[in-house]
Amino acid sequence: MARLRVGVLISGRGSNLQALIDACAEPSFPAEIVLVVSNEAAAQGLSRAHAAGIPTRVVPHRDYPDRARFDAALDAVLREAAVELVCLAGFMRLLGDAFVNAWRDRLINIHPALLPAFKGLHTHERALAAGVRLHGCTVHFVRPAMDEGPIIVQGAVPVLPDDTPETLAARVLAVEHRAYPLALRLIAEGRVRVERERALVDAAAPGSTLLNPDG
Ligand code: GAR
């Protein structure tokens, strides 16, 4: 069966991109990354794509007078590469409604918190300040409102008494690297559908909940 053609949007380190690259390297994996796009020319993730032989494009947001034109440029490079699903992986620009609606249910994001808790930035600091006992990550379909949309996979980790934002971030990142490939696999296998703004995962699929008790 043809593999799902994936475009990954990044802004920086690209460790989630790497997790997706590693998953796609498995011959039986049902998706392939056909393009990596960064809004930052210096993003470390671009080197990861080069190392894996994946085509890259840099679309610097500063080159565009407004968000609509930046989004249109992103849209154009994705369509040129015949991308079928877009994965946001540490992509730190907000996308406008027109782009999000054009890619509805074909655009997913990973967020470093158990949504709908801790939308936005500095999630680990805020989780510690709130005293939550569980924290984690969410892979979800993107909707125009920031960090909203049907949840596909969540991964949870414990918050430990002596955690700092850095130690907690590292524990969450480890579960991110499992959650994103799992979500991609479920979608590429056609096991996820959206009904009444909930993502329903085929009952025969491996679970879409990850618990990482040891980090
Ligand atoms: C990840 O923790 C991801 O969840 C987060 O940025 C980091 C990117 O790391 N995304 C967001 O905060 C989106 N608002 P990476 O570049 O190593 O994948």
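For the structure itself, consult the block above.
What counts and how
Residues numbered from 1 in each chain as written. Predicted model: local features only at pLDDT ≥ 70, side-chain atom pairs only at ≥ 80, totals over all residues. Heavy atoms only, no water. Core = buried A, V, L, I, M, F, W, Y, C linked by side-chain atoms within 4.5 Å. Buried < 20%, exposed > 50% of the residue type's maximum accessible area, 1.4 Å probe, protein only. Helix = DSSP H or I, 4+ residues; strand = E, 2+ residues; numbered from the N terminus. Contact = heavy atoms within 4.5 Å. Axes fitted to C-alpha atoms, helices over the stretch in contact; angles between N-to-C directions. Parallel < 35°, antiparallel > 145°, perpendicular 65-115°, else oblique. Left-handed = near helix turned anticlockwise from the far one by under 90°. Nonpolar A, V, L, I, M, F, W, Y, C, P; charged D, E, K, R; others polar. Phe/Tyr/Trp six-rings, centres within 6.5 Å; stacked < 30°, edge-to-face > 60°. Salt bridge = Lys/Arg side-chain N within 4 Å of Asp/Glu carboxyl O.

Moving on, we get to the nonpolar core. If you look at the biggest cluster of nonpolar residues, it comprises 47 residues, and the most contacted ones within it are Val8, Ile152 and Leu184. Sort the elements by how many residues they give to this core and helix α6 (residues 165–188) lands first, with 11 residues. In contact with Val8, other than residues within four places in its own chain, are Leu17, Leu20, Ile33, Leu35, Val36, Val37, Cys87 and Ala89. Counting residues in each nonpolar core, the second largest holds 21 residues, with Leu35, Val59, Val83 and Leu88 among its members.

Glancing now at the packing of helix α1 (residues 15–24) against helix α2 (residues 44–51). It is at 9 Å that the axes of α1 and α2 come closest, and there the two elements cross at 15 degrees. Classified by the angle their axes make, α1 and α2 are roughly parallel. Viewed along their axes, α1 and α2 form a crossing whose handedness is right-handed. Facing Ser15, Leu17, Gln18 and Ile21 of α1, the residues of α2 in contact are Gly45, Arg48 and Ala49. Its residues assigned to classes, the contact of α1 with α2 comprises three nonpolar, three polar and one charged.

Right, let's get into α1. An α-helical segment advances 3.6 residues per turn. Residues three or four places apart therefore align on the same side. Where burial is concerned, most of α1 is hidden: eight out of the 10 residues are buried. Those residues of α1 lying buried are Ser15, Asn16, Leu17, Ala19, Leu20, Ile21, Ala23 and Cys24. In this structure, the buried side of α1 is in contact with β1 (4–10), β2 (31–38), α2, β4 (85–88), β5 (107–111) and α6.

What follows covers the packing of aromatic side chains. Following the criterion strictly, the structure yields three aromatic pairs and no others. For the ring pair Tyr64 and Phe70, a centre distance of 6.1 Å and an interplane angle of 55 degrees mean the geometry is tilted. Taken together, Tyr64, Phe70 and Phe91 form an aromatic cluster joined through their ring pairs.

This structure, assessed with the given rule, holds 13 salt bridges. The shortest N-O distance in the salt bridge between Arg62 and Glu40 comes to 3.3 Å. Here Arg62 is found in the loop between β3 (56–58) and α3 (67–80), whereas its partner Glu40 is found in the loop between β2 and α2, with 22 residues between them in sequence. The exposed category is assigned to Arg62, whose relative accessible area is 60%. By relative accessible area, Glu40 is classed as partly exposed at 25%. Put simply, Arg171 and Asp163 hold a salt bridge, and the shortest N to O gap is 2.7 Å. The pair formed by Arg171 and Asp163 is uniform in burial state, with each residue classed as buried. The structure contains a network of salt bridges with shared partners spanning Arg104, Asp105, Arg143 and Glu197.

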